[in-house]
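Architecture and fold: a report
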Amino acid sequence: MPARLDRAIEGFDLSLLGDELKPDRVVTADDLARDGLKFPAFYGDDMLLPTGKTPAYLGHAVAILIYHDFARFRFAKDKLQFHDEIIRYGNETGPLERDPWASWRFVRVGGKTPFDDDAFSSLKDAPIFPSMMRKRQPVWPDGKGHGQIGEQGMFHAGQIQQELDKPPADWLVFERDYSTQSVDTAALEPDNANCWYDAAKQALHMVVPTR
């Protein structure tokens, strides 16, 4: 897997494995093209990165190594790990520029009590999807309280934002920016959290889901 996103891939070198640990079969992008195998359109074009192309993300696979026995696979994996020189790089291209793989928003407005149905939630109604991408950024629906589902969601999101911008006197609002590194196309970071503060015990409770 490539560790750089600014150069085209010109192949890979498995000579480090020697004859004893070389794979029983190596599958490349050329093999997939020959056999007509590819991802659904959502995931892009290159299940395996072809020679001459720049990786779309860190960890973009360039080949599948097949072993008929686990022991040789395990030894080979340990031998290849942390050896960036296995991947051969070509000319510098700079990182690819493309629209995000996906983009959506989740909004929840609870009922008047914890026992009432949500006034709006992405679980009860639907997540909010952009209408299009413009300059690599999502274009969200206009907020309308009685519009379509996406418009309703954006209306509630706007109400929440207004409340955070001008909070009641007894609120303490924190605002921070966070980012995660780009590692691959799997989203494994915490998605969101429900938090509540127990003033009597001075304890902050958090329920953080992830995948």
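As shown above, the structure is provided for reference.
Everything in this summary refers to the structure shown in the same document. (Residues numbered from 1 in each chain as written. Predicted model: local features only at pLDDT ≥ 70, side-chain atom pairs only at ≥ 80, totals over all residues. Heavy atoms only, no water.)

1. Describing the pattern of salt bridges
Within the structure shown, the criterion is met by 13 salt bridges. For Arg72, the salt bridge is made with Asp24, and the minimal N-O distance between the two is 3.3 Å. You can see Arg72 sitting in helix 3 (residues 70-80) and its partner Asp24 sitting in the loop between helix 1 (18-21) and strand 2 (25-27), a full 48 residues away along the chain. A relative accessible area of 21% places Arg72 in the partly exposed class. Of the charged contacts, one joins Lys53 and Asp46 as a salt bridge, the two residues approaching to 3.1 Å between their closest N and O atoms. What emerges from the salt-bridge pattern is a single network uniting Arg25, Asp31, Arg34 and Asp35. (Salt bridge = Lys/Arg side-chain N within 4 Å of Asp/Glu carboxyl O. Helix = DSSP H or I, 4+ residues; strand = E, 2+ residues; numbered from the N terminus. Buried < 20%, exposed > 50% of the residue type's maximum accessible area, 1.4 Å probe, protein only.)

2. Structural notes on the packing of aromatic side chains
Scanning the entire structure with this criterion turns up three aromatic pairs. One aromatic cluster in this structure is built from Tyr67, Phe70 and Phe73. Sitting over the face of the ring of Tyr89, Arg4 holds its NZ or CZ atom 6.0 Å from the ring centroid. If you follow Arg105 out to its NZ or CZ, it ends over the ring of Trp140, 5.4 Å from the centre. (Phe/Tyr/Trp six-rings, centres within 6.5 Å; stacked < 30°, edge-to-face > 60°. Lys NZ or Arg CZ within 6 Å of the ring centre and 35° of its normal.)

3. Quick notes on a nonpolar patch on the surface
A cluster of nonpolar side chains, contributed by Ile160, Leu164, Trp171 and Val173, occupies part of the molecular surface with about 320 Å² of accessible area. If you trace the backbone, Ile160 turns up in helix 4 (residues 149-165). Owing to a relative accessible area of 33%, Ile160 belongs among the partly exposed residues under this scheme. (Patch = residues over 30% accessible without salt bridge, like charges linked within 9 Å, V, L, I, M, F, W, Y side chains within 5 Å. Areas by Shrake-Rupley, 256 points an atom, 1.4 Å probe, with all protein chains shown as cover.)

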